Amino acid sequence: MASSSYISLMDLASGDMFNSPQTPERISRVMTVPVDGGITDDGDFDSLSSECCEKTIIVANFLPLQAQKDIKSGQWLFSFDEDSLLLQMKDGFSSDTIVVYVGSLKVDVDPKEQDEVSKTLLEEFNCVPTFLPPDLQKKFYHGFCKQYLWPLFHYMLPMCADYGNRFDRLHWQAYLSANKIFADKIIEVTNPEKDYVWVHDYHLMALPTFLRKHFHRVKLGFFLHSPFPSSEIYRTLPVREEILKALLNADLIGFHTFDYARHFLTCCSRILGLDHESKRGHIGLDYFGRTVYMKILPVGIHMGQLQSSLNHPSSSTKVKEIVAKFNGKRIIIGVDDMDIFKGISLKVLAMEQLLQQHPELQGKVVLIQIVNPARSTGKDVQEAKREIYESTERINDVFGFPGYEPVVLIDRCVPFYEKAAYYACAECCIVNAVRDGMNLVPYKYIVCRQGTSRMDEALQIAPESPRTSMLVVSEFIGCSPSLSGAIRVNPWSIDALADALNMAITMPGVEKQIRHEKHYRYVSSHDVAYWSQSFMQDLERACKEHYNRHCWGFGFGLSFRILSISPSFRKLSIDHILSVHRRTCRRAIFLDYDGTVVPHSSIIKSPGPEVILFMNSICSDPKNTVFIVSGRGKNSLSDWFAQCENLGIAAEHGYFIRWNRRSEWETFPIAIDFGWKRIAEPVMQLYTEATDGSFIESKESALVWHHQDADPDFGSSQAKELLDHLENVLANEPVVVKRGHQIVEVKPQA
């Protein structure tokens, strides 16, 4: 049986591992001309009709649709989900952009009906459904995504089988199969010369590879809506390299915060050995000639939809009910999904401590906690729910009395107009998730507290009256960095949460007003349209050089990547080289040593018997002049190739040259004073002692400080410091201090 690391994941993902029915027949293309068959060896396409309209293809796990089947007629009824982020982000696109959605429906459709449903959704909604067989859907979404990947990205390691599922290769294979089905649907509707593809979230992290393999120059963006964990967590993932390499087949990768982007870049550095740099304010990572850019911008909210909800008659009615029911009480609002990372039980315990430490607040403060339905099932969710109910019941028994419950749980599906009413009435909003990708609840709360004329009328406040709001937010949620006026807390500290709630309630009105105004300016100017427009602008910038480069695809499975090379590069033909080689009378052959003759990964750096045999073979031809060109010292190279009679060696990058084993070493003809070594070596030694894994290589013409075996981040930091240090102490010496790949080198200017 072949090792799992050598399985062709492309074949795996397209196979019938689950013996499931195939997806429906190919749908009609949205474009006016086909692109199939136009692919050349280097990813070029035949010219397409100028009548093709530019499209933006939005890809996510679920389509922004609501679907239900009429029981009497048996007909499917579809409508857009106005609350869907995918639908709201269209506001950031130009009016002439055609938007096509690719994703799954949240309901099961009988295979016999799938073709008809596909046709309807494409014609009426510009939606392309991906129908996953039930068994595949279960293993992909509820298995790998929700029970393994999602907890891991939220810093929950599967240390105990009772509370976290272990890695299951069948679930991973299902993940790849689902991503392949999504990619196939995208291929059906994409014109790679004109269209942009924007993939969303962790469900589809393998998709960029499947798409890039088919269209080498596809304009591809990816945005992660969950946290990206630190390298210490991420590197426990058995398929860590595969996912990183797949994501790097995108042109632009988006994150909510710099922390998430930094964690991703650190993983690329530590796991794949890739370094990044800032290019005119944009973070870029060089990957086989392509620059993969990072985008850091939190998603926003849809202002128009929120204001419409506030103006809804039901919102005004609900506000009056809330004011009457909680008359004279100060409301703290919390709105969270029912899952183990939202910290609801910690919030309830903080409320208990607040009432214990401040008896004067008993009967005057109430926490209203709205619990949205859970998105996943499992023992952990049920236990979290039980803990919340037990804590709430205990607190209400101890501190409550007739007409007063300190904690009010609303555990049902609450329409947004009702949530908006609670937001508008609450003096404080607390979001204390222990880990969350973004969380837009604070943004929605701020807009609702700003209010509208109709909401002001329901609350019986003057339109010109100052607005206030207070936020208590966890340090570990994506929106926290953008809310500088919020009270940030460690959600694990009950004491800190209780103190923050007390501070929020007792803060002077003027300060509440200043904080609210600051937040509202940001939220209203950085809405969902701003977010999507900014991402698309950066995606266009990242893709502008696509057709100015030559592209070659290589690698198998999720190791597939594109080699991008400048137009001046010409790929050599082996047949042409052989033909010229046979005809010529004199040939000069120059071979690099490390990475060419001997792999970089090889621990034994001396050449093996097969290398010596090969060298003697090509050197035996009197027409050949063969040289090893290396930065290594002459002693090492002459010892290693002592059996090669006619091999030339250029050691230390040509400072020493020997034409064959019988000739003497020739030195570069310049007079050099090596007194600078007495200055540089002690400095290098100082950094070597302070940097575990580093060492000094002393050559006759140079000194080299290596840090490839040190911690990547620490070694890189120390290399920068050493470079500055050496440039200062050697400023008046005839030498050059250079930083290379995991080295700092000092050598003569000549």
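Residues numbered from 1 in each chain as written. Predicted model: local features only at pLDDT ≥ 70, side-chain atom pairs only at ≥ 80, totals over all residues. Heavy atoms only, no water.

Within an unreviewed UniProt entry, the label attached to the chain reads alpha,alpha-trehalose-phosphate synthase (UDP-forming), and the organism entered is Gossypium barbadense. Regarding the chain, the UniProt comment filed under Catalytic activity (unreviewed entry) reads as follows: "D-glucose 6-phosphate + UDP-alpha-D-glucose = alpha,alpha-trehalose 6-phosphate + UDP + H(+)". (UniProt positions renumbered as here; feature names shortened; annotations may be inferred.)

Visitor: Which parts of the structure should I look at to understand helix H24 (residues 712-729)?
Guide: In an α-helix, one turn spans 3.6 residues, which is why side chains three or four residues apart end up on the same side. Its 18 residues give H24 an end-to-end C-alpha distance of 26 Å, which sits within 8% of 26 Å, the value for a rise of 1.5 Å per residue. By the burial criterion, the buried members of H24 are Gly715, Gln718, Ala719, Leu722, Leu723 and Leu726. Axial view of H24: buried residues confined to an arc of 150°, hence all on one face. Residues of H24 that are buried make contact with helix H23 (677-690), strand E26 (703-706), strand E27 (735-740) and strand E28 (743-748). (Helix = DSSP H or I, 4+ residues; strand = E, 2+ residues; numbered from the N terminus. Expected span 1.5 Å × (residues − 1). Buried < 20%, exposed > 50% of the residue type's maximum accessible area, 1.4 Å probe, protein only. Arc of directions from axis to C-beta. Contact = heavy atoms within 4.5 Å.)

Visitor: Whenever I open this one, empty space enclosed by the protein confuses me. Can you help?
Guide: Rolled over the atoms, a probe as big as a water molecule pinpoints where empty space is left. Applying the stated rule across the entire model yields two cavities of 30 Å³ or more. Of the pockets and cavities examined, the largest cavity occupies roughly 40 Å³. If you trace the largest cavity, you find it lined by Gly143, Phe144, Gln147, Tyr148, Asn165, Arg166, Phe167, Asp168 and His171. At four residues, helix H4 (residues 134-153) tops the list of elements feeding residues into the lining of the largest cavity. (1 Å grid on protein atoms, 1.4 Å probe; cavity = no way out; pocket = protein on both sides within 12 Å on 5 of 7 lines; lining within 4 Å. Points joined across faces, edges and corners; volume = space filled by probe spheres on them.)

Visitor: Sorry, what's going on with the sheet that holds strand E12 (residues 330-337) here?
Guide: The strands making up a sheet associate through hydrogen bonds between their backbones, and the pairing can be parallel or antiparallel. If you trace the six strands from one edge of the open sheet to the other, you get E14-E13-E12-E15-E16-E17, paired in parallel fashion. Among the strands making up the open sheet, the edge pair consists of strand E14 (407-411) and strand E17 (487-489). Averaged over all neighbouring strand pairs, the angle between strand axes comes to 20°, with direction disregarded. Both E12 and strand E13 (residues 365-372) contribute to a ladder of eight bridges, which runs parallel. (Pairing = 2+ DSSP bridges. Axes fitted to C-alpha atoms, helices over the stretch in contact; angles between N-to-C directions.)

Visitor: Is there a simple way to think about the environment of Ser716 in this case?
Guide: Of note, Ser716 is situated in helix H24. Setting aside anything within four residues of it in sequence, one finds Ser716 in contact with His707, Asp711 and Arg739.

Visitor: Would you explain the packing of aromatic side chains in this entry?
Guide: Under the criterion given, the structure shown has 34 aromatic pairs. Between the aromatic rings of Phe144 and Trp172, the centroid separation amounts to 5.5 Å while the plane-to-plane angle is 50°, which identifies the pairing as tilted. Residue Phe144 is found in helix H4, and its partner Trp172 is found in helix H5 (residues 169-189); the two are separated by 28 residues along the sequence. Owing to a relative accessible area of 1%, Phe144 belongs among the buried residues under this scheme. For Trp172, a relative accessible area of 0% gives the class buried. Aromatic side chains Tyr655 and Phe674 sit 6.5 Å apart centroid to centroid with 90° between the ring planes, which places their arrangement in the edge-to-face category. In this pair, Tyr655 is assigned in the loop between strand E22 (648-651) and strand E23 (656-658) and Phe674 in the loop between strand E24 (666-667) and H23, connecting sequence segments 19 residues apart. Through pairs of rings, three or more aromatic residues link up here, namely Phe140, Phe144, Tyr148, Phe167, Trp172 and Tyr175. Over the ring of Phe656 we find Lys634, and its NZ or CZ is 4.6 Å from the ring centre. (Phe/Tyr/Trp six-rings, centres within 6.5 Å; stacked < 30°, edge-to-face > 60°. Lys NZ or Arg CZ within 6 Å of the ring centre and 35° of its normal.)

Visitor: For this particular structure, what's the right way to read a negative patch on the surface?
Guide: Together, Asp115, Glu116, Glu123 and Glu124 line one region of the surface with negative charge. Mapped onto the secondary structure, Glu124 falls in helix H3 (residues 114-125). (Patch = residues over 30% accessible without salt bridge, like charges linked within 9 Å, V, L, I, M, F, W, Y side chains within 5 Å. Areas by Shrake-Rupley, 256 points an atom, 1.4 Å probe, with all protein chains shown as cover. Salt bridge = Lys/Arg side-chain N within 4 Å of Asp/Glu carboxyl O. Lys, Arg positive; Asp, Glu negative; His and termini not counted. Charge placed at Lys NZ, Arg CZ, Asp CG, Glu CD.)

Visitor: Would you take a moment to explain the confidence of the model for the chain for this structure?
Guide: Regions with low pLDDT should not have their predicted coordinates read in detail. A residue-level look at the chain finds 91% of positions with pLDDT of 70 or above and a mean pLDDT of 88. No element of the chain has a lower mean pLDDT than helix H1 (residues 9-14), at 44, and none a higher one than strand E15 (residues 428-431), at 98. The low-confidence segment residues 1-24, where pLDDT is below 50, has 36 contacts with residues more than four positions distant or belonging to other chains. (pLDDT = per-residue confidence, 0-100.)

Visitor: Even after reading the chapter, I still don't get the side chain of Lys419, so can you show me in this structure?
Guide: Relative to the helices and strands, Lys419 resides in helix H14 (residues 416-425). The charged side chain of Lys419 is buried without a salt bridge, its nearest counter-charge being Asp337 at 6.5 Å.

Visitor: Just checking my understanding: could you explain the side chain of Ser630 for this structure?
Guide: Its place among the elements puts Ser630 in the loop between strand E21 (624-629) and helix H22 (634-640). In contact with Ser630, other than residues within four places in its own chain, are Tyr593, Asp594, Leu637, Ala650, Ala651, Glu652 and His653.

Visitor: Is there a simple way to think about the nonpolar core in this case?
Guide: The tendency in soluble globular proteins is for nonpolar side chains to be buried side by side. Judged by nonpolar contacts, the single largest core of 97 residues is most densely connected at Val59, Phe228 and Phe264. The biggest single contributor to this core is H5, with eleven residues. Taken domain by domain, the makeup of this core includes at least three residues from each of domain 1 (55-296) and domain 2 (303-525). The residues contacting Phe264, other than those within four sequence positions of it, are Phe228, Leu244, Leu247, Leu248, Ile253, Phe255 and Met294. In terms of nonpolar packing, the next biggest core, distinct from the first, is built from 75 residues, Ile58, Tyr423, Val473 and Phe535 among them. (Core = buried A, V, L, I, M, F, W, Y, C linked by side-chain atoms within 4.5 Å. Domains from an automatic or database assignment.)

Visitor: Looking at this model, I keep getting lost on the packing of H4 against H5. Mind explaining?
Guide: To describe two helices that pack against each other, one gives the angle between their axes and the distance between the axes. Viewed as axis vectors pointing N to C, H4 and H5 meet at an angle of 115°, and their least axial separation amounts to 8 Å. Crossing hand, H4 versus H5: left-handed. Judged by residue contacts, Leu136, Lys139, Phe140, Gly143, Phe144, Cys145 and Leu149 of H4 engage Leu170, His171, Trp172, Ala174, Tyr175, Ser177, Ala178, Asn179 and Ile181 from H5. (Left-handed = near helix turned anticlockwise from the far one by under 90°.)

Visitor: Can you help me understand unusual backbone geometry in this one?
Guide: Residues other than glycine predominantly adopt negative phi, and peptide bonds predominantly adopt the trans conformation. Phi at Tyr155 takes a positive value of approximately 70°, unusual for a residue other than glycine. Within the secondary structure, Tyr155 sits in the loop between H4 and H5. Residue classification places Tyr155 among the partly exposed residues on the basis of a relative accessible area of 24%.

Visitor: Please clarify how the pattern of salt bridges should be interpreted in this entry.
Guide: Close approach of charged atoms allows side chains of opposite charge to pair. Across all of its chains, the model carries 31 salt bridges by this definition. A salt bridge links Arg386 to Glu390; the shortest N-O distance between them is 3.3 Å. Taken as a pair, Arg386 and Glu390 lie in helix H13 (residues 379-399) at a separation of four residues, close to a single helical turn. Across the salt bridge formed by Asp456 and Arg467, the nearest N and O atoms sit 2.6 Å from each other. Of this pair, Asp456 sits in helix H16 (residues 453-459) while Arg467 is found in the loop between H16 and strand E16 (470-474), placing the two residues eleven residues apart along the sequence. Residues Asp456 and Arg467 agree in their burial class; the two are buried. One salt-bridge network, in which partners are shared between bridges, spans Lys318, Glu321, Arg412 and Glu418.

Visitor: Would you mind going over the layout of surface pockets with me for this structure?
Guide: Looking at the second largest pocket, its volume works out to about 880 Å³. What lines the second largest pocket is a set of 23 residues, and nearest its centre among them are Asp594, His600, His706, Gln708 and Ile743. Going through the elements one at a time, strand E25 (695-698), E26 and E28 are the ones with two or more residues in the lining of the second largest pocket. For the lining of the second largest pocket, the per-class residue count stands at four nonpolar, eleven polar and eight charged. Three or more residues apiece are contributed to the lining of the second largest pocket by two domains, here domain 3 (574-665) and domain 4 (675-748). (Nonpolar A, V, L, I, M, F, W, Y, C, P; charged D, E, K, R; others polar.)

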